[in-house]
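Fold and geometry: a report
Here's the letter readout for the chains.
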Amino acid sequence: IGKDNNVYAGIDRATNTFWRPYINDTGGANRSLPLALLNDMYNTLKDVRGAYTEEVWCGTTAYEATKTLLTENKVIYPSSEIIRAGTNSIYWNNIYFMQMPGMDANAQWWLDFESDEGIMLTKQHDEDFIVVEESTNSYDSRWSVAGHYQMEVHNPWVQGSLEDVQ
């Protein structure tokens, strides 16, 4: 999602622009996150590219910048942070912004899941899957399963990447 000048799924994006995601970056120079930039990503993906963005995966710095921006502009309240899919999340404009461990700290990936598919990778080693039983009483049990997933992007045109956020 963060590249638009390579070959993806056998299609050269240098000559086939319809296969490029929308990338908004500064070439590595970190920048603040104004509301206008967030709105640009939203409007470009929705109105120009026809995306239905459901989630924005954020690195740690980009997530904190987004949370601060939306709180300071009174778009969300400090107490509106929630847990979604086991990670910190905030909700804005029908989109979940999720803090993703291990992701580039200054990046946001805007994802349209109508054109993506998550595939659970097959078990290769014993440590690939972790199953934990969380019993609350003798009548009830809860299970958590951690696995490795790979995302297949079927339509890069409706995906976006906001880079270099500080």
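Residues numbered from 1 in each chain as written. Predicted model: local features only at pLDDT ≥ 70, side-chain atom pairs only at ≥ 80, totals over all residues. Heavy atoms only, no water.

1. As for the nonpolar core
Just so we agree on the cut-off: Throughout this description, the term nonpolar core refers to a set of buried Ala, Val, Leu, Ile, Met, Phe, Trp, Tyr and Cys residues connected via side-chain atoms within 4.5 Å. Here's how the labels work: a residue is buried when its accessible area is under 20% of the maximum for its type, exposed when over 50%, partly exposed in between, all with a 1.4 Å probe on protein chains only. The numbering of helices and of strands both runs from the N terminus, where a helix is a DSSP run of H or I of at least 4 residues and a strand a run of E of at least 2. Residues are treated as being in contact if the distance between any of their heavy atoms lies within 4.5 Å.
Core analysis: the biggest nonpolar cluster contains 24 residues, and Leu33, Leu38, Trp92, Phe97, Trp110 and Leu162 have the highest contact counts within it. Mapped by element, the contributors of at least two residues to this core are helix 1 (35-48), strand 4 (55-58), helix 2 (60-72), strand 6 (87-92) and strand 7 (95-99). With sequence-adjacent residues up to four places away left out, Leu33 is seen in contact with Leu38, Ala65, Thr66, Leu69, Gln108, Leu162, Val165 and Gln166. Counting residues in hydrophobic clusters, the runner-up holds six residues, among them Trp57, Met100, Met103 and Ala107.

2. Thoughts on the pairing of strand 7
Our working definition: Strands were regarded as paired on the criterion that DSSP finds at least two bridges between them.
Among the five residues that make up strand 7, four are buried, leaving the element largely enclosed by the rest of the structure. Relative to strand 7, strand 4 runs parallel, the two sharing four bridges. Note that in strand 7 the partner of Val56 across the bridge is Phe97. Pairing geometry for strand 6 and strand 7, over four bridges, is antiparallel. By the bridge assignment, Ile90 is partnered in strand 7 with Phe97. Linking strand 6 to strand 7, which pair antiparallel, is a turn of two residues; within it Asn93 sits at a positive phi near 55°.

3. Thoughts on helix 1
Note the threshold: One less than the number of residues in a helix, times 1.5 Å, gives the span that helix is expected to have. Starting at the helix axis, one direction is taken to each C-beta atom, and the arc is that of these directions.
Here helix 1 contains 14 residues, and its C-alpha end-to-end distance of 19 Å stays within 8% of the 20 Å for a straight helix at 1.5 Å per residue. Among all positions in helix 1, only Leu37, Leu38, Met41, Tyr42, Thr44 and Leu45 are buried. Projection of helix 1 onto a plane perpendicular to its axis shows the buried side chains occupying an angular sector of 165°, all on one side. Facing away from the buried side of helix 1, by more than 90 degrees, are the exposed residues Ala36, Asp47 and Val48.

4. Let's talk about the pairing of strand 6
Note: strand 5 (residues 82-84) against strand 6, three bridges, orientation antiparallel. Following the sheet pairing, Ile83 is matched in strand 6 by Asn88.

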